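Residues per chain are reported as follows:
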Amino acid sequence: MANKRNVTVRMKADLEYESRNPQGNLVNIDMYDPEHKHSQSPMDLLLSALGGCASVDAVLMMKKKRRAIVDFFVEAEGTRNEGVPAFYTSIELKFVLVSPDATPEEFEKVVALSVDKYCSVASSLKSTITYKSEVRRPE
């Protein structure tokens, strides 16, 4: 049986939405211009999901190698298509590890494994998306 996940995205206002999973965790989403923004946009969230997914395995692999981690972060930058839809034409992830005992070579291998093999979000960007629609009448 497939391991399914789900969220419900609900409109709060024309440009504001919230996404909730079955456990009740909430993510606010908005599509306001930068000067009025108070939440991440869906495209920001895609970069966040990709960076977060790849981070977990990279950190766990470095800890398995018994490397000290003073700090770790990923800078995710996406270049978007000029037209509509404004999808990402490329995404660059920059992994930064602050460690007294890790080598650049081993960290490079860990990052490659994390992104190319273990990150479900990265793999999902290559998958087929299907959709359906339904109109419900108010009760």
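Structural data are supplied above this passage.
Quick summary incoming for the structure in this document.

Rules used in this analysis
Residues numbered from 1 in each chain as written. Predicted model: local features only at pLDDT ≥ 70, side-chain atom pairs only at ≥ 80, totals over all residues. Heavy atoms only, no water. 1 Å grid on protein atoms, 1.4 Å probe; cavity = no way out; pocket = protein on both sides within 12 Å on 5 of 7 lines; lining within 4 Å. Points joined across faces, edges and corners; volume = space filled by probe spheres on them. Helix = DSSP H or I, 4+ residues; strand = E, 2+ residues; numbered from the N terminus. Nonpolar A, V, L, I, M, F, W, Y, C, P; charged D, E, K, R; others polar. Pairing = 2+ DSSP bridges. Axes fitted to C-alpha atoms, helices over the stretch in contact; angles between N-to-C directions. Expected span 1.5 Å × (residues − 1). Buried < 20%, exposed > 50% of the residue type's maximum accessible area, 1.4 Å probe, protein only. Arc of directions from axis to C-beta. Contact = heavy atoms within 4.5 Å.

**Structural notes on the layout of surface pockets**
Estimates place the volume of the largest pocket at around 1100 Å³. Arg5, Asn6, Val7, Ser19 and Ala49 are the residues nearest the centre of the largest pocket, which is lined by 25 residues in total. At the level of elements, β3 (26-30), α1 (42-64) and α3 (120-124) are the ones that each hand at least two residues to the lining of the largest pocket. Considering every element that reaches the lining of the largest pocket, the biggest residue donor is α1, with 5 residues. Broken down by class, the residue content of the lining of the largest pocket amounts to 13 nonpolar, 10 polar and 2 charged.

**Topic: the sheet that holds β3**
Read from one edge of the open sheet, 3 strands run β1-β2-β3, paired in antiparallel fashion. In the strand order of this sheet, the two ends are held by β1 (8-13) and β3, each with one partner. Averaged over all neighbouring strand pairs, the angle between strand axes comes to 25 degrees, with direction disregarded.

**Some details on helix α2 (residues 104-118)**
Over its 15 residues, α2 runs 20 Å from end to end, which matches the ideal 21 Å to within 8%, given 1.5 Å per residue. Considered for burial, the residues of α2 that qualify are Glu106, Phe107, Val110, Val111 and Ser114. Buried residues in α2, looked at end-on, bunch into an arc of 135 degrees, giving them a common side. For α2, the exposed residues lying more than 90 degrees away from the buried face are Pro104, Glu105, Glu108, Lys109, Asp116 and Lys117. Check the buried side of α2 and you find it contacts α1, β4 (71-80) and β5 (88-98).

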